[in-house]
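Secondary and tertiary structure notes
Residue-level listing of the chains:
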Number of protein chains: 2
Amino acid sequence: MDTVGSELIEDGWFREINEKGFPGQGLMLKVERVLYHSRSEFQDILVFQSSAYGNVLVLDGIVQATERDEFAYQEMITHIPLYAHKNPRKVLVIGGGDGGVLREVVKHKGVVSATLVEIDETVIKLAQKYLPGMACSFNHAKVQVKLQDGFEFLRNVAASDERYDVIITDSSDPEGPAEAFFQKEYFELLHSALNDNGIVIAQASENVWLNLDYIRELVKSAGAVFPRAQYCYTTVPTYTSGQLGLIVCAKNKKSDLEHAIREPTIEEQSQMRYYNTAIHSASFILPTWAYHRIYKST
Amino acid sequence: MDTVGSELIEDGWFREINEKGFPGQGLMLKVERVLYHSRSEFQDILVFQSSAYGNVLVLDGIVQATERDEFAYQEMITHIPLYAHKNPRKVLVIGGGDGGVLREVVKHKGVVSATLVEIDETVIKLAQKYLPGMACSFNHAKVQVKLQDGFEFLRNVAASDERYDVIITDSSDPEGPAEAFFQKEYFELLHSALNDNGIVIAQASENVWLNLDYIRELVKSAGAVFPRAQYCYTTVPTYTSGQLGLIVCAKNKKSDLEHAIREPTIEEQSQMRYYNTAIHSASFILPTWAYHRIYKST
């Protein structure tokens with residue numbers, strides 16, 4: 001990372017440029033004012049008010065969430081595994097310190113506990129201050145928060161008899177603190193931490209337009225550990241290329257990840273702006289070239 | 001439009017900013033070199049070689065096509081109406097001077113004639129020089145090119161007994177020469193120019209993330225003329241928000257636009273990188289909030 005945080009703001013525009021991650025292209029967002037900038041123990045954190053997307057959280061120079069479009073990501077990464085699971089009761093969220101995924105998890109009446117493991121408390125505190133629409137469930141009765149490294153937490157879980165029905169990896173991109181979340185050992189730990197019918201989903205940090213070979217390798221790594229590993233995506237205009245891939249895996253090879261096996265209740269559906277069971281299935285449908293490269297090439 | 005063409009290149013990066021069309025957000029593409037810049041009679045035209053997306057065609061400051069991702073747009077705007085039609089023989093393309101849509105149309109063995117009506121010959125000539133992978137079908141035996149205003153051409157067709165099976169409106173955005181293509185009279189002309197089972201598709205110039213109310217009005221305008229008018233989309237990383245909406249309409253209310261009613265032949269499918277019949281249907285599936293705003297709100 002060459003420049004980070006407020007150095008990326010020039011002439012009133014924030015520029016997201018990352019010559020390693022997505023060379024030759026960038027996103028610009030007009031800045032109304034910078035709300036916060038610092039380097040925490042773990043990463044560079046910038047929060048600004050944009051003119052078009054509300055407040056924006058930026059970690060190490062990369063947009064993590066904006067108030068206007070965050071629901072597209074939070075809803076899809078949460079509800080795809082939860083509605084593909086028959087009866088999800090215990091949910092684990094790795095990362096996700098902005099609270100958006102937790103907000104979605106607790107909409108499920110059947111969930112009895114939601115545990116969030118976030119390494120960087122600063123992210124939680126800033127989200128509570130600047131992204132209150134996301135960070136609204138930290139005090140929910142079903143929620144526990146652990147300020148800990150996700151990898152270390154999972155190692156302890158794997159060594160114990162604690163198991164989860166759904167695990168959601170809502171990490172930042174694979175540079176900085178989240179790097180370890182994109183390797184095979186991580187999928188092995190996730191496998192160990194799941195119940196027999198468990199499902200895990202991880203943001204792929206890439207999309208079909210950006211780094212298809214990386215996605216293929218990620219699906220392959222996951223598929224070496226899980227009997228079922230698939231790619232799906234959500235559309236988010238402030239993520240590079242306008243979409244973000246998700247890798248979803250099932251411990252039971254009979255699990256049908258591509259379809260909701262439960263319908264949202266009327267109350268649940270009324271709280272969702274992006275997710276519905278039709279888009280659940282549609283999010284697995286890929287353009288021909290991407291499908292072949294991910295699933296058919298060697 | 002405040003600044004156009006090469007003025008949008010600074011420090012080696014092209015910036016697509018349009019405070020009227022999509023305020024507060026912008027796309028950046030790294031420029032290797034400018035290949036062409038001029039003002040034609042109709043618009044400002046810029047062609048540059050980018051570091052990540054090949055050659056890029058920009059009209060009035062807005063990216064129209066890049067070599068790397070153009071197929072996503074050309075294939076979807078062409079093959080959705082053509083595979084939703086039982087037997088498309090005569091196809092009309094309004095705009096599309098880059099030749100990309102024509103390239104896709106002539107892949108259909110059943111098509112006997114493909115007429116392209118482009119107001120700006122400069123676009124055709126530049127595409128032949130700088131986007132040869134797109135402008136490869138102008139000399140195809142089935143193709144006729146008319147250098148004429150699309151609106152005027154359609155008026156003449158409506159007054160004659162010439163009719164088309166599929167019309168594809170591949171115009172630029174509704175500023176500058178293409179403005180008239182986004183109004184109700186235009187849909188009426190299209191209706192007149194179609195055979196009874198005819199289908200028309202138009203790029204909406206917007207997407208659900210950008211201007212949902214505009215899309216709702218466009219679907220409503222089209223729906224006042226056609227018994228069936230629907231929204232679908234394709235993903236294109238170099239278009240604002242990473243996707244572009246398409247409005248597709250049928251003259252026969254029994255037409256099922258959401259599904260291919262013919263399978264591509266093996267030969268046809270082998271020539272397609274984006275389109276397949278599954279993504280044809282998936283492209284009509286919308287996030288909950290967008291679906292309600294387009295189809296259910298008043």
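Residues numbered from 1 in each chain as written. Chains lettered and ligands numbered in written order. Predicted model: local features only at pLDDT ≥ 70, side-chain atom pairs only at ≥ 80, totals over all residues. Heavy atoms only, no water.

Per an unreviewed UniProt entry, the recorded name for chain A is LANO_0H05446g1_1, and the organism is Lachancea nothofagi CBS 11611. Check the Sequence similarities (unreviewed entry) section of the UniProt entry for chain A; it says "Belongs to the spermidine/spermine synthase family." (UniProt positions renumbered as here; feature names shortened; annotations may be inferred.)

This part takes up the pairing of strand 5 (residues 55-59) of chain B. Moving residue by residue along a regular strand, the side chains alternate between the two faces of the sheet. Residues and elements named next belong to chain B. Of all five residues in strand 5, five are buried, a share of seventy percent or more. Between strand 4 (residues 44-50) and strand 5, which follow one another and run antiparallel, lie four residues, and Gly 54 among them has a positive phi close to 70°. Pairing analysis gives four bridges linking strand 5 to strand 6 (residues 62-66), with the strands arranged antiparallel. Across the sheet, the residue bridging to Val 58 is Val 63, located in strand 6. (Buried < 20%, exposed > 50% of the residue type's maximum accessible area, 1.4 Å probe, protein only. Helix = DSSP H or I, 4+ residues; strand = E, 2+ residues; numbered from the N terminus. Pairing = 2+ DSSP bridges.)

The next point concerns unusual backbone geometry. All names here are of chain A. Here Ser 205, not a glycine, exhibits a phi torsion of approximately 70°, which is positive. Tracing the backbone shows Ser 205 in the loop between strand 11 (194-203) and helix 6 (212-225). Even without a glycine there, the phi angle at Ser 241 is positive, about 75°. In this fold, Ser 241 is placed in the loop between strand 12 (228-235) and strand 13 (243-250). The exposure class assigned to Ser 241 is buried, which follows from its relative accessible area of 5%.

Within a sheet, neighbouring strands are paired by backbone hydrogen bonds and run either parallel or antiparallel to one another. Residue and element names in this part refer to chain B. As summarised here, the arrangement of the seven strands in space is 9-8-7-10-11-13-12, forming an open sheet in which the pairing is mixed. In this open sheet, the two edge strands, each paired with only one partner strand, are strand 9 (143-147) and strand 12 (228-235). Averaged over all neighbouring strand pairs, the angle between strand axes comes to 15°, with direction disregarded. Relative to strand 13 (residues 243-250), strand 12 is paired through eight bridges, and the arrangement is antiparallel. Looking at the pairing, Tyr 233 lines up with Gly 245 of strand 13. (Axes fitted to C-alpha atoms, helices over the stretch in contact; angles between N-to-C directions.)

A few words on the UniProt feature "active site" (unreviewed entry) in chain A. Residue and element names in this part refer to chain A. The feature "active site" (unreviewed entry), as annotated in UniProt, sits at Asp 170 in this numbering. The topology assignment puts Asp 170 in strand 10 (residues 164-170). The exposure class assigned to Asp 170 is buried, which follows from its relative accessible area of 8%. Not counting residues up to four positions away in its chain, the partners in contact with Asp 170 are Tyr 73, Gln 74, Val 93, Ile 94, Gly 95, Gly 96, Asp 98 and Val 101. (Contact = heavy atoms within 4.5 Å.)

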